[in-house]
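Analysis of the macromolecular model
What follows is each chain in one-letter form.
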Amino acid sequence: GINAEYGNVLLHQIQDQRVRSGQTMNSIAKLYDKNSLEQRSFPSYKTKLKSLISNSMCETQQEIEIIQKALNKISKMESGKTGAGQQGGGTGGPAGSSRQTGSSQPRKGMRRGFFMTLLQQKANQLPTWNGPKSETPAALTGTVPADSTYICSPGDDVAALCEDVGLGDDNWILAEVYLYNSNTNKYQVKDIEEDERGENSDQHTLSRRRVIPLPLRKLNPATHGHLLYQPKHKVLALYPQTTCFYPATIHKPPETETDDYQVMFYDNYYAEGYAPPLPVPQRYVLDFKDKKRK
């Protein structure tokens, strides 16, 4: 039908744009490799490199816009379908957790592959703090917490401790701030993965203690590696391919600004109590908070 044909067009556009982006990145790498350290200081080299980087940024933005268009189309195509979705988190998660694969029907709305790609892109595009080693990074840079008076803005992504009515438990989920009520000191947040089933159907009203802002910048391991979470540090980390944060232990911190943390999620399936390490971006690794929050 028309919807399927339009979807195929968007998929081809994404693939074509990704090829173009890859070609530009290869050109940047080749330009760097072909020039000696001395040649890299020449104005002509800097001009060409700046042009290639500018092109790469434009191509990346175009790719994001096409993917967003595809996600919006998929959401509209799925909006008429029926079926109950669970509150919070999505499928998957460590064994023994309250959300495991098969515990409920998959969500309506965005197809999971596209949605998870979008979350990964958000993490990849997080800017890196590049201040000098002697300078303390700004709040919400990697492990640096927000000030106690910090208020998240509408549209901000956060970790939110929400009640799962179906399972009778609280879970840390990836959510979006809808508004903050300064009279009650409470947030209204929306589960980032839920469909819009009604004006308030997917909103949770939470105290500030049940909302954790996500980092706005990454730490650069080359200058501030000492501030990264170190091995054996207990954290809340977004389990890959889900929108739930689970308790985990750091196995290995990032070695470069493009690296992810390697984290071991608590998992009672394994004798040692931990699953093998999995990669999680800095954006989705938070200092551990228990569920005893009002």
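Residues numbered from 1 in each chain as written. Predicted model: local features only at pLDDT ≥ 70, side-chain atom pairs only at ≥ 80, totals over all residues. Heavy atoms only, no water.

1. Quick notes on the overall build of the protein chain
- Secondary structure assignment for the protein chain yields 4 helices and 10 strands.
- Looking at the protein chain residue by residue over its 294 residues, the buried ones come to 41%.
- For the protein chain, the proportion of contacts with a sequence separation of at least 24, taken over those separated by at least 6, is 61%.
- Of the roughly 16,300 Å² that the protein chain leaves accessible, carbon and sulfur atoms contribute 52%. (Helix = DSSP H or I, 4+ residues; strand = E, 2+ residues; numbered from the N terminus. Buried < 20%, exposed > 50% of the residue type's maximum accessible area, 1.4 Å probe, protein only. Contact = heavy atoms within 4.5 Å. Areas by Shrake-Rupley, 256 points an atom, 1.4 Å probe, with all protein chains shown as cover.)

2. Details of the confidence of the model for the protein chain
- On average, residues of the protein chain carry a pLDDT of 81, and 77% of them reach 70 or more.
- Between the elements of the protein chain, mean pLDDT differs from a low of 72, seen in helix 1 (residues 2-34), to a high of 98, seen in strand 10 (residues 285-287). (pLDDT = per-residue confidence, 0-100.)

3. Considering the pairing of strand 4 (residues 203-207)
- Across the 5 residues that make up strand 4, a large majority, 4, are buried.
- In this sheet, strand 4 lies alongside strand 3 (residues 186-191) in antiparallel orientation, the contact comprising 5 bridges. For Lys190, the partnering residue across the bridge sits in strand 4 and is Gln203. (Pairing = 2+ DSSP bridges.)

4. Overview of the nonpolar core
- With 42 residues, the main nonpolar core has Val189, Phe245 and Tyr284 as its most contacted residues.
- In contact with Tyr284, not counting residues within four places along its chain, are Leu119, Lys122, Ala123, Leu174, Leu214, Leu236, Ala237, Leu238 and Phe245. (Core = buried A, V, L, I, M, F, W, Y, C linked by side-chain atoms within 4.5 Å.)

5. Comments concerning the pairing of strand 6 (residues 234-238)
- Among the 5 residues that make up strand 6, 4 are buried, leaving the element largely enclosed by the rest of the structure.
- Taking the residues between adjacent antiparallel strands as the criterion, strand 6 and strand 7 (residues 244-252) are bridged by 5 residues, where Gln241 takes a positive phi near 65°.

6. Things to note about unusual backbone geometry
- Although it is not a glycine, Leu140 adopts a positive phi angle of roughly 65°.
- Inspection of the secondary structure puts Leu140 in the loop between helix 3 (112-124) and strand 1 (157-164).
- A relative accessible area of 6% means that Leu140 is categorised as buried.
- The residue Asn185 is not glycine, and still its phi comes out positive at about 60°.
- With respect to the secondary-structure elements, Asn185 resides in the loop between strand 2 (169-181) and strand 3.

7. Focus: the side chain of Gln203
- Mapped onto the secondary structure, Gln203 falls in strand 4.
- Of the residues examined, Gln203 reaches a relative accessible area of 13% and is grouped as buried.
- A polar contact of 3.3 Å, which involves the side chain of Gln203, links it to the side chain of Gln188.
- Sequence-distant contacts of Gln203, that is, excluding residues within four places in its chain, are made with Tyr178, Gln188, Val189 and Lys190. (Polar contact = N/O pair within 3.5 Å; in protein donor to acceptor, adjacent residues only side chain to side chain.)

8. Quick word on the pattern of salt bridges
- Counted under the stated rule, the structure contains 4 salt bridges.
- Across the salt bridge formed by Arg283 and Asp157, the nearest N and O atoms sit 2.6 Å from each other. One end of the pair, Arg283, is in the loop between strand 9 (278-280) and strand 10; the other, Asp157, is in strand 1, with 126 residues separating them in the sequence. Of the two residues, Arg283 and Asp157, neither departs from the other in class, the shared state being buried. (Salt bridge = Lys/Arg side-chain N within 4 Å of Asp/Glu carboxyl O.)

9. A few points about the environment of Ile250
- Of note, Ile250 is situated in strand 7.
- For Ile250, a relative accessible area of 1% puts it in the buried group.
- When residues no more than four places from it in sequence are discounted, the contact partners of Ile250 are Tyr229, Gln230, Pro231, Lys232, His233, Val235, Tyr261, Gln262, Val263 and Val285.

10. Concerning the side chain of Thr141
- Examined against the element boundaries, Thr141 turns out to sit in the loop between helix 3 and strand 1.
- Judged by its relative accessible area of 0%, Thr141 is buried.
- Within the local environment of Thr141, its side chain forms a polar contact with the side chain of Arg217, the two groups lying 2.8 Å apart.
- Once residues lying within four places of it in the same chain are set aside, the contact partners of Thr141 are Trp129, Arg217, Lys218 and Leu219.

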